[in-house]
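Take a look at the letters that make up each chain.
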Amino acid sequence: MAPSSRTDKSGFSVKRLLPLVILLAVMAVVIWQEWYLYISFSKIIEHEGALKQFVDDYLLLAILAYMSLYVAVVALSLPGGALLSITGGFLFGLVLGGFATVVAATIGASIIFLIAKTSLGEPLAARAGPWLEKLRQGFQENALSYLLFLRLVPAFPFWLVNLAPAVLGVKLRTYVLGTFFGIIPGTLAFTFLGVGLQSIIDEQRSAYESCLAATGKNLSREVMDKIVCKVEFSPASLVTTEMLLAFTALGVVALIPIAVRKLRTRAS
C-alpha cells in the first residue's frame with residue numbers, strides 16, 4: 001500500500017491530514033512574512049484614494065478581490081476580520097458591503113470546516129470516548145440552534161466556532177446555514193460602522209499631520225525622541241456595551257427551540 005494512504009487504527013492517515021498540513025503551512029508563511037500586517041487602518045488611510053478610485057472604475061473586480069481576501073483571512077484564521085468588515089462598508093456601502101462580507105466569511109469558514117472535519121473530525125469520531133460521543137450526539141440534535149448561538153454571541157472567537165462543529169460532527173449544510181445567518185447581525189453592525197469611517201479617517205489624518213508638524217518645530221532633543229507619530233484605530237473601540245448585549249440577546253433567542261423541546265420531553 002502506498003505511504004500516502006496508510007491509516008492507523010485511529011483513522012488518521014497522511015491523505016486525510018494533507019489538507020490540514022497545507023493550510024497550516026500557508027498560515028505559517030503568512031505569519032512569518034507578516035503579510036497580515038497589510039490589513040491595517042494606516043494602510044487604508046495611505047491608499048484611501050486609490051482604493052476608492054479602483055472601486056469606482058472596476059466595481060465587480062473590486063468586490064471579487066475584497067471577497068477573495070476575506071475568504072483567505074477567515075480560512076487561515078488571521079487577525080483583521082473586523083477591520084475588513086468595516087472596510088467593506090467604507091468601500092461598498094451597507095447593502096453591497098454587508099452581503100459580500102457575509103458570503104465571503106461563510107465560504108472561508110466552510111473551507112476550514114471541511115478541512116478540519118476531514119482531517120480531524122471523522123478520525124476522532126471513530127475513536128471517541130463516551131463523553132465525546134455524548135457531546136457529539138447532543139450537539140447534532142440541536143446543531144442549528146447551537147451554531148446560531150455561537151455565531152451571534154461575541155464571546156466566542158470566530159476561529160474556534162469554525163473548528164468546533166467539525167469535531168462535533170455537524171453536517172455541512174447545517175454549518176453553512178448556521179454560519180450564514182448567524183453572522184449577519186454582527187457583520188451588518190461592523191459594515192454600518194464602516195459607512196461612517198470617512199470621518200474617523202479625516203480625524204486621524206489631521207492628528208497625524210499635526211504630530212508631524214510638531215516634530216518640525218524647535219523642540220528639545222528629549223521631547224523629539226518621545227514623539228511618535230502614528231495612526232491609531234481599533235475596531236474594538238467602536239463596539240459598545242449595548243451592541244454586545246443585543247448580540248447576546250439574539251443568541252439567547254436562538255436557544256429557545258432547544259429549551260422548548262426539552263420542556264416538552266419532560267412533560268411527556
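All chains use their own residue numbering, which begins from 1 and follows the written sequence. Per-residue local features are limited, in this predicted model, to residues with pLDDT of at least 70; the limit for side-chain atom pairs, both in listing and counting, is 80 or more; totals at the level of whole chains, interfaces and linings are taken over all residues. The side-chain quantities take in all heavy atoms of the structure and omit both hydrogens and water.

In this section: the overall build of the protein chain. Here a strand is any run of E in DSSP of at least two residues, a helix any run of H or I of at least four, and the numbering for each starts at the N terminus. Looking only at helices and strands, the protein chain features 15 helices and 0 strands. Buried residues in the protein chain amount to 36% of all 268 residues. All accessible areas in this document rest on Shrake-Rupley with a 1.4 Å probe, and a residue is counted as covered only by the protein chains that are shown. In the structure as shown, the protein chain presents an accessible area of about 15700 Å², 67% of it carried by carbon and sulfur atoms. In this scheme, a residue with accessible area under 20% of its type's maximum is buried, one over 50% is exposed, and one in between is partly exposed, where area comes from a 1.4 Å probe on protein chains only.

Let us look at unusual backbone geometry. The residue Glu-34 is not glycine, and still its phi comes out positive at about 60 degrees. Structurally, Glu-34 is set in the loop between helix 1 (14-33) and helix 2 (41-46).

This next bit is on the nonpolar core. Formed by 49 residues in total, the largest nonpolar core has its most connected members in Tyr-66, Met-67, Tyr-70, Phe-92, Val-170, Leu-197 and Ile-201. At the level of elements, helix 1, helix 2, helix 4 (59-75), helix 5 (81-92), helix 6 (94-126), helix 8 (143-152), helix 9 (158-167) and helix 12 (197-215) are the ones that each hand at least two residues to this core. Ranked by residue count, the leading element in this core is helix 6, at 10 residues. By the convention used here, residues are in contact when the closest approach between their heavy atoms is within 4.5 Å. If we ignore the near neighbours within four places in the chain, the residues touching Tyr-66 are Leu-84, Ser-85, Gly-88, Phe-92, Ala-100 and Thr-101. Residues enter a nonpolar core if they are buried and are Ala, Val, Leu, Ile, Met, Phe, Trp, Tyr or Cys, with the set joined through side-chain atoms within 4.5 Å.

Moving on to the side chain of Thr-101. Inspection of the secondary structure puts Thr-101 in helix 6. Thr-101 has contacts with Tyr-66, Tyr-70, Ser-85 and Thr-187, leaving out every residue within four places of it along the chain.

A few words now on the packing of helix 3 (residues 48-57) against helix 4. How two helices pack is summed up by the angle between their axes together with the distance between the axes. Lines fitted to the C-alpha atoms define the axes, with helices restricted to the stretch that makes contact. Angles between their N-to-C directions range from 0 to 180 degrees. Contact geometry for helix 3 and helix 4: axes closest at 5 Å, N-to-C directions at 120 degrees. For the element pair helix 3 / helix 4, the angle class is oblique. Contact residues: Phe-54, Val-55 and Asp-57 in helix 3; Leu-59, Leu-61 and Ala-62 in helix 4. Charged residues are taken to be Asp, Glu, Lys and Arg, nonpolar residues to be Ala, Val, Leu, Ile, Met, Phe, Trp, Tyr, Cys and Pro, and polar residues to be all remaining types, Gly included. For the contact of helix 3 with helix 4, a count of residues per class yields 5 nonpolar, no polar and 1 charged. Here the word oblique covers every angle except those under 35 degrees (roughly parallel), over 145 (roughly antiparallel) and from 65 to 115 (roughly perpendicular).

As a further point, take a nonpolar patch on the surface. Patch membership requires more than 30% relative accessible area and the absence of a salt bridge. Residues of like charge join within 9 Å; the nonpolar side chains Val, Leu, Ile, Met, Phe, Trp and Tyr join within 5 Å. Put simply, a salt bridge is a Lys or Arg side-chain nitrogen that is within 4 Å of an Asp or Glu carboxyl oxygen. Taken together, the side chains of Leu-94, Val-95, Leu-188, Phe-192 and Val-195 present a nonpolar region at the surface, about 470 Å² in accessible area. Among the secondary structure elements, those contributing two or more residues to the nonpolar patch are helix 6 and helix 11 (184-195). Considering each element in turn, the nonpolar patch owes the most residues, 3 residues, to helix 11. Inspection of the secondary structure assignment puts Leu-94 in helix 6.

Turning next to the pattern of salt bridges. Per the counting criterion, the structure on display carries 2 salt bridges. The salt bridge involving Glu-46 is made with Lys-43; its shortest N-O contact spans 3.7 Å. Of this pair, Glu-46 and Lys-43 are both found in helix 2, 3 residues apart, which corresponds to roughly one turn of the helix. By relative accessible area, which is 52% here, Glu-46 ends up exposed. Between Lys-52 and Glu-48 there is a salt bridge, with the nearest N and O atoms lying 3.8 Å from each other. Here Lys-52 pairs with Glu-48, and both are found in helix 3, just 4 residues apart, close to one helical turn.

This next bit is on the packing of aromatic side chains. Two rings belonging to Phe, Tyr or Trp (six-membered ring only in the last case) form a pair when the distance between their centres is within 6.5 Å. Interplanar angles under 30 degrees mark stacking, angles over 60 mark edge-to-face geometry, and anything in between is tilted. Applying the stated criterion across every chain yields a total of 5 aromatic pairs. Summarising the aromatic geometry, the rings of Phe-113 and Tyr-175 are spaced 4.0 Å apart at their centres and angled 10 degrees between planes, so their arrangement reads as stacked. Of this pair, Phe-113 sits in helix 6 while Tyr-175 sits in helix 10 (residues 172-182), placing them 62 residues apart in sequence. Of the two residues, Phe-113 and Tyr-175, neither departs from the other in class, the shared state being buried. Consider the rings of Phe-180 and Phe-181, whose centres lie 5.2 Å apart with planes at 85 degrees: the pair is edge-to-face. The class for Phe-181 is partly exposed, based on a relative accessible area of 49%. An aromatic cluster of three or more residues is present, and its members are Tyr-66, Tyr-70 and Phe-92. Ring-over charges, as used throughout, are those where CZ of Arg or NZ of Lys falls within 6 Å of the ring centre and within 35 degrees of the ring normal. Sitting over the ring of Phe-158, Arg-151 keeps its end group 4.6 Å from the ring centre.

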